[in-house]
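Observations on chain architecture
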Amino acid sequence: MTVPLALVVGGTPVVRFALLAAVCGLLGALVMDVPMTNQEHGFTPAYVAAGTLRRVGAEEVSFESAFVLHHVTGGIAGLLYAAAYLAFGLAAAALAGPGVALGGVAAFPHVLATLLVSGFVYGFFAHLVLPRAGRRIYEERATAVRGQWLRSTVVFGIALGVSVPAATTLL
């Protein structure tokens, strides 16, 4: 019995690939903790996002709530990566055929999906959530928070960009 191309990524079933991508997204969020911890306003995005979900001010959110939401969001971003990778991979296969591989993933769709997800993670918070939900924070320190979030998101993107090919090679 053969498996349709849409259900397999480099020999890995799509469901397994999506779960692997979610784990890599979580890993990216864990690696992202390093710059977030070392920057003055580093965890502000997690507090603002948790406050938005709980419908309270960021000041009323516990560190634990912000921390858990940050890491769950990393896993969700990994799933978004998997969906983007599959879409770009199918389009690339239809248009150009097989390309260069990075580990167990095709290089071009991988790079595009990583850039798309990293850009979305940055843009969604910096330009949608922060202005609407981080009222006082937005008014007082938006530029600093956005800059620090950009640096943290770049770290997330690098971690995702390295961990997915590595994980698909090893597993």
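Procedures and definitions
Residues numbered from 1 in each chain as written. Predicted model: local features only at pLDDT ≥ 70, side-chain atom pairs only at ≥ 80, totals over all residues. Heavy atoms only, no water. Helix = DSSP H or I, 4+ residues; strand = E, 2+ residues; numbered from the N terminus. Rg over C-alpha atoms; globule rule 2.2 N^0.38 Å. Buried < 20%, exposed > 50% of the residue type's maximum accessible area, 1.4 Å probe, protein only. Areas by Shrake-Rupley, 256 points an atom, 1.4 Å probe, with all protein chains shown as cover. Axes fitted to C-alpha atoms, helices over the stretch in contact; angles between N-to-C directions. Parallel < 35°, antiparallel > 145°, perpendicular 65-115°, else oblique. Left-handed = near helix turned anticlockwise from the far one by under 90°. Contact = heavy atoms within 4.5 Å. Nonpolar A, V, L, I, M, F, W, Y, C, P; charged D, E, K, R; others polar. pLDDT = per-residue confidence, 0-100. Phe/Tyr/Trp six-rings, centres within 6.5 Å; stacked < 30°, edge-to-face > 60°.

**So, the overall build of the protein chain**
Helix and strand counts for the protein chain come out as five helices and four strands. Mapped from its N terminus to its C terminus, the protein chain presents α and β elements in the order β-β-α-α-α-β-β-α-α. In summary, the protein chain has a C-alpha radius of gyration of 17 Å against a globular reference of 16 Å for 171 residues, a match within 12%. With respect to the principal axes defined by its C-alpha atoms, the protein chain has extents near 55 × 25 × 25 Å. Within the protein chain, the fraction of its 171 residues that count as buried is 44%. Total accessible area computed for the protein chain in this model is approximately 9,200 Å², and 71% of it derives from carbon and sulfur atoms.

**Quick word on the packing of helix α2 (residues 44-54) against helix α4 (residues 107-133)**
At their nearest, the axes of α2 and α4 sit 10 Å apart, and the two run at 60 degrees to each other. The angle between the axes of α2 and α4 places the two elements in the oblique class. Two packed elements cross with a definite hand, and for α2 against α4 that hand is left-handed. Between α2, through P45, V48 and T52, and α4, the contact on the second element is made entirely by F125, V129, L130 and A133. Within the contact of α2 with α4, the residues separate by chemical class into six nonpolar, one polar and no charged.

**Things to note about the packing of α2 against helix α3 (residues 63-96)**
Where α2 contacts α3, the two axes come as close as 8 Å, and the packing angle between them is 95 degrees. Between α2 and α3, the interaxial angle falls into the category roughly perpendicular. Where α2 abuts α3, its residues A46, Y47, A49, A50, L53 and R54 lie against F63, S65, A66, L69 and H70. In terms of residue class, the contact of α2 with α3 is built from eight nonpolar, two polar and one charged.

**Description of the confidence of the model for the protein chain**
Predicted coordinates in areas of low pLDDT are best not read in detail. Per-residue confidence for the protein chain gives a mean pLDDT of 89, with 91% of residues at or over 70. Per-residue pLDDT, averaged within each element of the protein chain, yields its smallest value for strand β1 (residues 8-9) (58) and its largest for helix α1 (residues 14-38) (96).

**Let's talk about the packing of aromatic side chains**
What the rule picks out here adds up to eight aromatic pairs. For the ring pair F17 and Y81, a centre distance of 6.3 Å and an interplane angle of 45 degrees mean the geometry is tilted. Of the two residues, F17 sits in helix α1 while Y81 sits in helix α3, which places them 64 residues apart along the sequence. On the basis of relative accessibility, which here comes to 1%, the residue F17 falls in the buried class. The class for Y81 is buried, based on a relative accessible area of 0%. With centroids separated by 5.7 Å and ring planes inclined at 65 degrees, the aromatic side chains of F43 and F63 adopt a geometry described as edge-to-face. Here F43 is found in the loop between α1 and α2, whereas its partner F63 is found in helix α3, with 20 residues between them in sequence.

**Some words on the environment of I137**
The residue I137 is located in helix α5 (residues 135-170) in this model. Considering only alpha carbons, one finds I137 and P45, 92 residues apart in sequence, at a separation of 9.9 Å. For I137, the contacting residues outside a window of four places in its chain are T44, V48, A58, L130, A142 and V145.

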